[in-house]
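Listed here are the chains, written in short residue letters.
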Amino acid sequence: MNYKIKTVLFKSLALLPNKLDDYFYHKIQSFFDKSSLESRIKRTESTYLRLSKVLTDLNIDLKDKNVFELGSGWFPAMPYYFKYKLQVKKIITVDINEHFKRKTVLKLNNLFSNLYAFNVITNMESKYGLPEGIEYFPKKNVLDSNLPDMKMFFSRYVLSHMSKDDVDDLHKKLKKELKKDSYIIHFISPSDLRQHNDSNLSMQDFLKYSEREWKKIHTKFDYHNRLRLPQFLEIFKKYDFEVLYLEYESLQKNTKKYDLFKKIKLHEDFINYSDDELTAGNILVVLKV
């Protein structure tokens, strides 16, 4: 779907009453996303492989430990990798929305078993059909409740969809409530998601708008805070987290994506950052409390 049409559609949905707007959003997402469950879980596998390598390099062992995931998404992709591949004891996954469907989870149980030769056993007491050791808490704002005991706090492409103040408040909370020597791992995608629907749109197109202009364009369904890598790092530094690992990709010169970026007339809010800082994407950062 063209990003302009998508923007109009999301703005129309945002005018509907609560619950009704979410209902139609789910229907629209289901209609346009024709990818199979297997292809979707395989896309998550790349995150697991990248994470697993970094954990090995940093000598971080999660076996029999507890992990907390912020941003459960549409189905429990990462929790299965944590439980069965990394042998995590318990995974608590929390989301501001409620996307899990029992029918989908039951299919995932069979699929994951077949793909990786694990015996995924459905916990019959679970509302969503999740296996033992994976707990799902939808419609929950992590900022409003105490954090459980954990070895690692994990998020996958979530921070960019929180307000800047909430990102700050989250890390203030993590600093206060996590035990010393626990870990925080974030995968961050700070690019303009509208370009997924239009290859001629720059991944940094939204940097040409003022904050006021950008608020008029996006909605709660496609919210993006536009924070750049240095701004994330400033928040981490503010709460005195140790950065154990940082990896990202920046646009290379003489490529189509870089040329599209250079055509943007940056808003004054972003002119003091370098090209490398502005285009840094696919970020993986490991913090230590």
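This is a predicted model, so every value here is computed, not measured.

What counts as what
- Residues numbered from 1 in each chain as written.
- Predicted model: local features only at pLDDT ≥ 70, side-chain atom pairs only at ≥ 80, totals over all residues.
- Heavy atoms only, no water.
- Helix = DSSP H or I, 4+ residues; strand = E, 2+ residues; numbered from the N terminus.
- Areas by Shrake-Rupley, 256 points an atom, 1.4 Å probe, with all protein chains shown as cover.
- Phe/Tyr/Trp six-rings, centres within 6.5 Å; stacked < 30°, edge-to-face > 60°.
- Buried < 20%, exposed > 50% of the residue type's maximum accessible area, 1.4 Å probe, protein only.
- Axes fitted to C-alpha atoms, helices over the stretch in contact; angles between N-to-C directions.
- Parallel < 35°, antiparallel > 145°, perpendicular 65-115°, else oblique.
- Left-handed = near helix turned anticlockwise from the far one by under 90°.
- Contact = heavy atoms within 4.5 Å.
- Nonpolar A, V, L, I, M, F, W, Y, C, P; charged D, E, K, R; others polar.
- Pairing = 2+ DSSP bridges.
- Core = buried A, V, L, I, M, F, W, Y, C linked by side-chain atoms within 4.5 Å.
- Right-handed = clockwise from strand over helix to strand, strands pointing away.

Comments concerning the overall build of the chain
- When helices and strands are tallied, the chain shows 10 helices and seven strands.
- Of the roughly 15500 Å² that the chain leaves accessible, carbon and sulfur atoms contribute 49%.

Thoughts on the packing of aromatic side chains
- On inspection of all chains with the given rule, the structure shows 19 aromatic pairs.
- A centroid spacing of 5.5 Å and a plane angle of 40° characterise the contact between Tyr84 and Phe118, whose relative ring orientation is tilted. Taken as a pair, Tyr84 in helix α4 (residues 77-85) and Phe118 in the loop between α5 (102-116) and β3 (134-137) lie far apart in primary sequence, 34 residues in all.
- Take Tyr84: its relative accessible area is 12%, and that puts it in the buried class.
- Assessed through its relative accessible area of 25%, Phe118 is described here as partly exposed.
- When the ring of Tyr128 is compared with that of Tyr136, the centres are 4.8 Å apart and the planes differ by 75°; the resulting orientation is edge-to-face.

Quick word on the packing of α4 against α5
- The interhelical angle for the contact between α4 and α5, taken along N-to-C directions, is 45°, at an axis separation of 12 Å. Relative to α5, the element α4 lies oblique. When the axes of α4 and α5 are compared, the crossing they make is right-handed. Counting all contacts with α4, which are made through Tyr80, Tyr81, Tyr84 and Lys85, the residues of α5 involved are Val105, Leu108, Asn109, Phe112 and Tyr116.
- For the contact of α4 with α5, the per-class residue count stands at seven nonpolar, one polar and one charged.

Thoughts on the sheet that holds strand β1 (residues 66-70)
- Spatially, β3-β2-β1-β4-β5-β7-β6 is the arrangement adopted by the seven strands of the open sheet, whose pairing is mixed. Looking at the sheet topology across the chains shown, the edges are occupied by β3 and β6 (242-249). Neighbouring strand axes in the sheet, compared pairwise and without regard to direction, differ in orientation by 15° on average.
- Pairing of strand β2 (residues 90-94) with β3, which is carried by four bridges, proceeds in the parallel orientation. Across the sheet, residue Val94 finds its bridge partner in β3, namely Phe137.

Points about the nonpolar core
- Core analysis: the largest hydrophobic core is formed by 37 residues, its most contacted members being Leu51, Leu62, Tyr80, Phe82, Phe154 and Ile185.
- Those elements that provide at least two residues to this core are α3 (37-57), α4, α5, β3, β4 (152-156), β5 (183-188) and β7 (281-288).
- In contact with Phe154, not counting residues within four places along its chain, are Leu51, Val67, Phe68, Glu69, Leu70, Met78, Phe82, Ile185 and Phe187.
- Within the second largest apolar cluster, 29 residues are counted, among which are Val94, Tyr239, Phe241 and Ala280.

Considerations on the pairing of β3
- The two faces of β3 differ: Ile134 and Tyr136 on one face are buried, but Glu135 and Phe137 on the other face are not.
- Note on the crossover from β2 through α5 to β3: the handedness is right-handed.

Let's talk about α4
- Burial of α4 is extensive: seven of the nine residues sit out of reach of the surface.
- Those residues of α4 not exposed but buried are Ala77, Met78, Pro79, Tyr80, Tyr81, Phe82 and Tyr84.
- Elements that come into contact with the buried residues of α4 comprise α3, β1, β2, α5, β3 and β4.
- Directly beyond the C-terminal end of α4, a positive phi value near 60° is found at Gln87.

Examining the environment of Leu244
- Residue placement: Leu244 occurs in strand β6.
- C-alpha separation for the pair Leu244 and Tyr183, spaced 61 residues apart in sequence, amounts to 9.4 Å.
- Excluding anything up to four places from it in sequence, Leu244 contacts Leu58, Tyr183, Val286 and Lys288.

Quick look at the packing of α3 against α4
- Running from N to C, α3 and α4 cross one another at 50°; their axes reach a closest spacing of 9 Å. Regarding the angle of α3 to α4, the classification is oblique. Crossing angle aside, the handedness with which α3 passes α4 is right-handed. Residue-level inspection shows Ile41, Thr44, Glu45, Thr47, Tyr48 and Leu51 of α3 in contact with α4, the latter providing Ala77, Met78, Tyr81, Phe82 and Lys85.
- A per-class count over the contact of α3 with α4 returns seven nonpolar, two polar and two charged.

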